[in-house]
Amino acid sequence: MSLILAALTAVLLVQDRPAPPAAEAAQREEEKFPRWSVHGVFSTDFNALVSDRHSRDTMAEEGVAGEYVLGASLHLDRRLTVSARSCFGCHGFELQSAVADYEVFEGVTLRAGRFPLPFGSMSVRFLPHQLEPTSKPLPYIMGFMPREREFNQGILPVPAVDNGAGATANLWLANGVQLALEAAVTRGFKGVDSDLDFELSRDFEDNNGEPAGAGRISLSAGPLALGLSAAGGRYDPDADLAYRLAGADFHLRPLPGWNLRLEGAWRETDFRDPAGDRDASRRWSYAAQIDGEIDPRWRVFVLHDALRVDGLFLTSAGPQPVPAPGSSDSENVVTRIASGVVFAARPGVLLKTSAEFWNFSDFDDTWVFHATLVVSF
Amino acid sequence: MGLPRHAGCLLLTGVLALLGGCLWADPLERPFGPDGRTIRQAIEGFPPERRADFELLRERCGRCHSLDPVFAARVPEGGWAAQVRAMARKAGAGIAPAEAARIASFLEYFDAERRKTAAARP
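Residues numbered from 1 in each chain as written. Chains lettered and ligands numbered in written order. Predicted model: local features only at pLDDT ≥ 70, side-chain atom pairs only at ≥ 80, totals over all residues. Heavy atoms only, no water.

### Describing the overall build of chain A
Then comes step 1: Summing up its helical and strand segments, chain A has four helices and 18 strands in all.
Then comes step 2: Taking 21 Å as the expected radius of gyration for a compact globule of 377 residues, we find that chain A reaches 21 Å, a close match to that expectation.
Then comes step 3: Its C-alpha atoms put chain A at 70 × 50 × 35 Å along the principal axes.
Then comes step 4: Counting the 377 residues in chain A, one finds 55% classified as buried.
Then comes step 5: By element, 61% of the accessible surface of chain A is carried by carbon and sulfur atoms, the whole surface being about 15400 Å².
Then comes step 6: For chain A, the distance from the average site of its 34 positive side-chain charges to the average site of its 50 negative ones is 6 Å. (Helix = DSSP H or I, 4+ residues; strand = E, 2+ residues; numbered from the N terminus. Rg over C-alpha atoms; globule rule 2.2 N^0.38 Å. Buried < 20%, exposed > 50% of the residue type's maximum accessible area, 1.4 Å probe, protein only. Areas by Shrake-Rupley, 256 points an atom, 1.4 Å probe, with all protein chains shown as cover. Lys, Arg positive; Asp, Glu negative; His and termini not counted. Charge placed at Lys NZ, Arg CZ, Asp CG, Glu CD.)

Printed below as a string of structure tokens:
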């Protein structure tokens, strides 16, 4: 974290600011403020889950699930934007983000409020119309997961919104080569023991008065982008149990409209064993996706991802430090293969269909089929 | 952890679709307006500097999203500059300030041409 902050300071000091070229200068003259923009993404998913009837586990979102997002941005002047976004979905009505962004000078922006944690490539790309699959990759899955209660989701469900302040610096190293640094100090995730509680973490108040941090560094050059992320904090009311996250991501666009995305993430979470001694569970996850345009209206994708949870026993009440009747052992793996097509009926209207095969080390295999209508404006 | 047969079939189907798609990819054939032209045909008729700006848009914006939300958006006249600048501020967006201005300028021009075409409908 201190390395990122030091780099950010260096960027503030060395950033070169040439005179604006003609198009930019003309826009400066013409622009009028304040200016509003409104956006919305309405997604309704119809799904079916197929597995052995004697060990069938339902998904929380099985059958029909909706995610309805409405947001607005107020551009007060060239440098200051205030934006808010609400979401009505699986958790009811929620304020997904409410943040003020102030561009201190070209390329350097400060932000404060409630915003997605700068961790992983999906911190800026998580809305249904931005993703080909209906469910997110396992490192960042939020819902639409068989055995979700047992696994307690993946590494970090996105959007992982939190309250705090942060800074972003976009530095141009050479023509077309950009280094981006992000850092944020936030309230942190919450939990009681054994693992993070993402339900509890959505509440606005803090539970331990201990700040948490997250940072991300990414490099993009032409069709290639690389990123490294880290985050950490303490999650229990006594500020005694810590969590540590790290991640790496790679994105290549081999052809216009085609993407290869590789991403890996890791989390270590402290917990107390029954004797009261400190122990730690570890999670690893990766995702690989190829997606592309086969026609102006059709996109296809193949996604393969996996999640491993070590050190905790998975039960229907969530991960536990001790085995219970019907629980898994302390080494758990799930892999998934998903494939599907996205049809753009018209600009702003998508129909996404996919089939997913889930292979669990300690539970029965499961198929999930999705048909999702997404309308965005 | 071995790959079951039906999952292998699914993977194979997806890979074949991807390979087929590589040979078949073709962008932007949606309607531009009531005159029957596609977006691609309309852009091909734009002045060369506007076409260059479109290529820049395609390259830079395509990093995070498809062109679908760009052409679906209804942005009031003069509003693209603030919109594109807000996106260029995002970490790793890879859009330089001068490029953001060119992209916004293209989108204002594109919307103006679209409005002209709609107004000229018989």
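### Notes on the confidence of the model for chain A
Residue and element names in this part refer to chain A.
Then comes step 1: Mean pLDDT over chain A stands at 89; residues scoring 70 or higher make up 91%.
Then comes step 2: Scored below 50 in pLDDT, residues 1-5 shows ten contacts in the model against residues more than four places distant or in partner chains.
Then comes step 3: Taken as a whole, residues 7-19 scores under 50 in pLDDT and shows 18 contacts with residues more than four places along the chain or in a different chain. (pLDDT = per-residue confidence, 0-100. Contact = heavy atoms within 4.5 Å.)

### What about the pairing of strand β9 (residues 224-234) of chain A?
All names here are of chain A.
Then comes step 1: Pairing of strand β8 (residues 212-221) with β9 involves nine bridges; the strand directions are antiparallel. By the bridge assignment, Ala221 is partnered in β9 with Leu224.
Then comes step 2: Here β8 hands over to β9 after two residues, with Gly222 in that stretch at a positive phi of 55 degrees.
Then comes step 3: In terms of strand pairing, β9 meets strand β10 (residues 242-252) through eleven bridges, oriented antiparallel. Along β10, the bridge assignment pairs Gly233 with Tyr243. (Pairing = 2+ DSSP bridges.)

### Things to note about helix α3 (residues 48-61) of chain B
Then comes step 1: With 14 residues, α3(B) ought to run about 20 Å at 1.5 Å a step, and its terminal C-alpha atoms sit 20 Å apart, in line with that.
Then comes step 2: Check the buried side of α3(B) and you find it contacts α2 (39-44), α4 (68-72) and α6 (97-119) of chain B. (Expected span 1.5 Å × (residues − 1).)

### Quick word on the environment of Ala248(A)
Residues and elements named next belong to chain A.
Then comes step 1: Tracing the chain through its elements places Ala248 in strand β10.
Then comes step 2: The spacing of Ala248 and Ala230 is 18 residues in sequence and 9.0 Å in space, taken between C-alpha atoms.
Then comes step 3: When neighbours within four sequence positions are excluded, Ala248 is seen to be in contact with Gly227, Leu228, Leu262, Glu263 and Gly264.

### A few points about the layout of surface pockets
Over the atoms rolls a probe the size of a water molecule, and its path tells where empty space is left.
All names here are of chain A.
Then comes step 1: Quantified by volume, the second largest pocket comes out at close to 1000 Å³.
Then comes step 2: Contributing elements (two or more residues each) for the lining of the second largest pocket: β1 (35-51), β2 (64-75), β3 (80-89), β4 (92-105), α3 (148-151), α4 (198-201) and β15 (318-320).
Then comes step 3: Split by residue class, the lining of the second largest pocket holds 20 nonpolar, 16 polar and 13 charged. (1 Å grid on protein atoms, 1.4 Å probe; cavity = no way out; pocket = protein on both sides within 12 Å on 5 of 7 lines; lining within 4 Å. Points joined across faces, edges and corners; volume = space filled by probe spheres on them. Nonpolar A, V, L, I, M, F, W, Y, C, P; charged D, E, K, R; others polar.)

### A few points about the interface of chain B and chain A
Then comes step 1: Contacts between chain B and chain A engage 55 residues on the former and 58 residues on the latter.
Then comes step 2: Between chain B and chain A, the buried area comes to about 4600 Å², and carbon and sulfur atoms account for 61% of it.
Then comes step 3: At the junction of chain B with chain A, the criterion picks out two salt bridges.
Then comes step 4: A salt bridge links Glu103(A) to Arg89(B); the nearest nitrogen and oxygen atoms lie 3.2 Å apart.
Then comes step 5: At the junction of chain B with chain A, the criterion picks out 14 residue pairs in polar contact (both at pLDDT 80 or more).
Then comes step 6: Examining the composition of the side of chain B that touches chain A, we find that ten residues originate from one element, helix α1 (residues 5-22) of chain B, more than from any other.
Then comes step 7: Of the residues assigned to the side of chain B that touches chain A, the class counts are 31 nonpolar, eleven polar and 13 charged. (Buried area = accessible area lost by both parts, 1.4 Å probe. Salt bridge = Lys/Arg side-chain N within 4 Å of Asp/Glu carboxyl O. Polar contact = N/O pair within 3.5 Å; in protein donor to acceptor, adjacent residues only side chain to side chain.)

### Notes on the packing of helix α5 (residues 80-88) of chain B against α6(B)
All names here are of chain B.
Then comes step 1: Relative to each other, α5 and α6 sit at 140 degrees, their axes nearing to 9 Å. Here α5 runs over α6; the crossing is right-handed. Contacts from Trp80, Ala81, Val84 and Ala88 in α5 reach Ala100, Ile103, Ala104, Leu107, Glu108 and Asp111 in α6. (Axes fitted to C-alpha atoms, helices over the stretch in contact; angles between N-to-C directions. Left-handed = near helix turned anticlockwise from the far one by under 90°.)

### Some thoughts on the packing of aromatic side chains
Then comes step 1: If you walk through the whole model with that rule in mind, you get 18 aromatic pairs over all chains.
Then comes step 2: Taken together, the ring pairs connect Phe32(B), Phe46(B), Phe54(B), Phe71(B), Phe106(B), Tyr109(B) and Phe110(B) into an aromatic cluster.
Then comes step 3: Above the face of the Phe204(A) ring, Arg114(A) is positioned so that its terminal group lies 4.2 Å from the ring centre. (Phe/Tyr/Trp six-rings, centres within 6.5 Å; stacked < 30°, edge-to-face > 60°. Lys NZ or Arg CZ within 6 Å of the ring centre and 35° of its normal.)

### Considering the side chain of Ser123(A)
Residues and elements named next belong to chain A.
Then comes step 1: Structurally, the position occupied by Ser123 is in the loop between β5 (108-116) and α3.
Then comes step 2: On the basis of relative accessibility, which here comes to 9%, the residue Ser123 falls in the buried class.
Then comes step 3: Here the side chain of Ser123 touches Gly120 through a polar contact of 3.1 Å, landing on its backbone oxygen.
Then comes step 4: Once residues lying within four places of it in the same chain are set aside, the contact partners of Ser123 are Pro116, Leu117 and Pro118.

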